[in-house]
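One-letter residues, chain by chain:
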Amino acid sequence: MGRLPDNIQSVLDLLRCPLCRGAFIAEGSSLLCEHGHCFDSNKRGYVNLVPSQRPTKYGEDIFLARSRIFEAGAYEPVAAALNETVGDGCVLDAGCGEGFFLSAIQSGAPKLGVDLSKEAIAIAAKRDRGVAWMAADLARLPVRDGAVDVLINILSPANYPEFGRVLNREGLLVKLVPNADYLRELRSVSNKAAYSNEEVVALFRNNVSEFSYLDIDYSVKVSREMKEDFLKMTPLTSFSDLRQENGEIESVTISLRMLSGRKKVSG
């Protein structure tokens, strides 16, 4: 019959059914809610909580390319800044992708990673068996009200009503967004227009209290293999069009803004 993976079993009291909001119990290797909805875990170490799987925007190739870039150390300064900001508390990564940033957080409390892409979650589960990885929709997070201390949202769309619901009263929300110079070398060869994060920052600020931000800027020297992976991993560029032009790229600019704020509580 099998057994629910330890990484999911350990956070069972933090979860809820995405369909009916009911509590879960472990039933063999599955999660069974009090109203009979059943979701299966698998040998890869994650549970699929997407009721009807639909194709996602990105395929496995983009997540594998990102994993290789992360393993090459290109985003270590970002991970270090995030780890320092988050501190020690129960962390939910909403839109966790292949799991690099959540795995880098040194917290003794539970860590939960959610992404709609099963391909990304499978890579994340292979990376770190100590995190509760779940394929799930950010619009219907399978997490109980007020269950987490910190929610991180890294280069991913946000759902502020859901984020506010799952954060506790003193909860911290942290979001990373690109600055105008982010991957500017790739933008240059692809003739992409300059990016502005003003609207995204304004929306974040309107949904938190105690707003603050930190800019993270540095340059990474890239090998031939890293150039290929940078081109594959970003939706800013068309890999097939730029593959022949990337010889001139010797370094890539990482320029991100880390936004943070406390849950906005009325009354």
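Everything here concerns the structure above.
Residues numbered from 1 in each chain as written. Predicted model: local features only at pLDDT ≥ 70, side-chain atom pairs only at ≥ 80, totals over all residues. Heavy atoms only, no water.

Focus on the pairing of strand β7 (residues 132-135)
By the alternation rule, side chains of β7 split into A132 and M134 and W133 and A135, which are all buried. Taken together, the 4 bridges between strand β6 (residues 111-115) and β7 define a ladder with parallel strand orientation. Note that in β7 the partner of D115 across the bridge is A135. Each parallel crossover has a hand, and for β6 linked through helix α5 (residues 118-127) to β7 it is right-handed. (Buried < 20%, exposed > 50% of the residue type's maximum accessible area, 1.4 Å probe, protein only. Helix = DSSP H or I, 4+ residues; strand = E, 2+ residues; numbered from the N terminus. Pairing = 2+ DSSP bridges. Right-handed = clockwise from strand over helix to strand, strands pointing away.)

Structural notes on the packing of aromatic side chains
Counted according to the given criterion, the structure contains 10 aromatic pairs. Their ring planes at 70° and their centres at 5.4 Å tell us that F70 and F101 sit as a pair that is edge-to-face. Note that F70 is positioned in helix α2 (residues 60-71) and F101 in helix α4 (residues 100-104), a separation of 31 residues in sequence. In this structure, F70 and F101 share a single accessibility class: buried. (Phe/Tyr/Trp six-rings, centres within 6.5 Å; stacked < 30°, edge-to-face > 60°.)

So, the sheet that holds strand β2 (residues 30-33)
The pairing of strands in a sheet happens through backbone hydrogen bonds and is either parallel or antiparallel. Read across the sheet, 3 strands follow the order β1-β2-β3 without closing on themselves; strand pairing throughout is antiparallel. Strands at the two margins of the open sheet, each flanked by one partner only, are β1 (24-27) and β3 (38-40). Taken over all neighbouring pairs, the strand axes of this sheet differ in orientation by 25° on average, direction set aside. Relative to β3, β2 is paired through 3 bridges, and the arrangement is antiparallel. Within the sheet, the bridge partner assigned to L32 lies in β3 and is C38. (Axes fitted to C-alpha atoms, helices over the stretch in contact; angles between N-to-C directions.)

Overview of the sheet that holds strand β10 (residues 208-221)
Pairing is mixed in the open sheet, where 8 strands are placed in the order β4-β7-β6-β5-β8-β9-β11-β10. Edge positions in the sheet fall to β4 (46-48) and β10, since each has one partner strand and no second. Within this sheet the neighbouring strands show an average axis-to-axis angle of 20°, counted without direction. Strands in contact with helix α3 (residues 76-86) are β5 (91-94), β8 (148-154), β9 (167-178), β10 and β11 (251-263); relative to β10, the strand with the most contacts, it is inclined by about 160°. (Contact = heavy atoms within 4.5 Å.)

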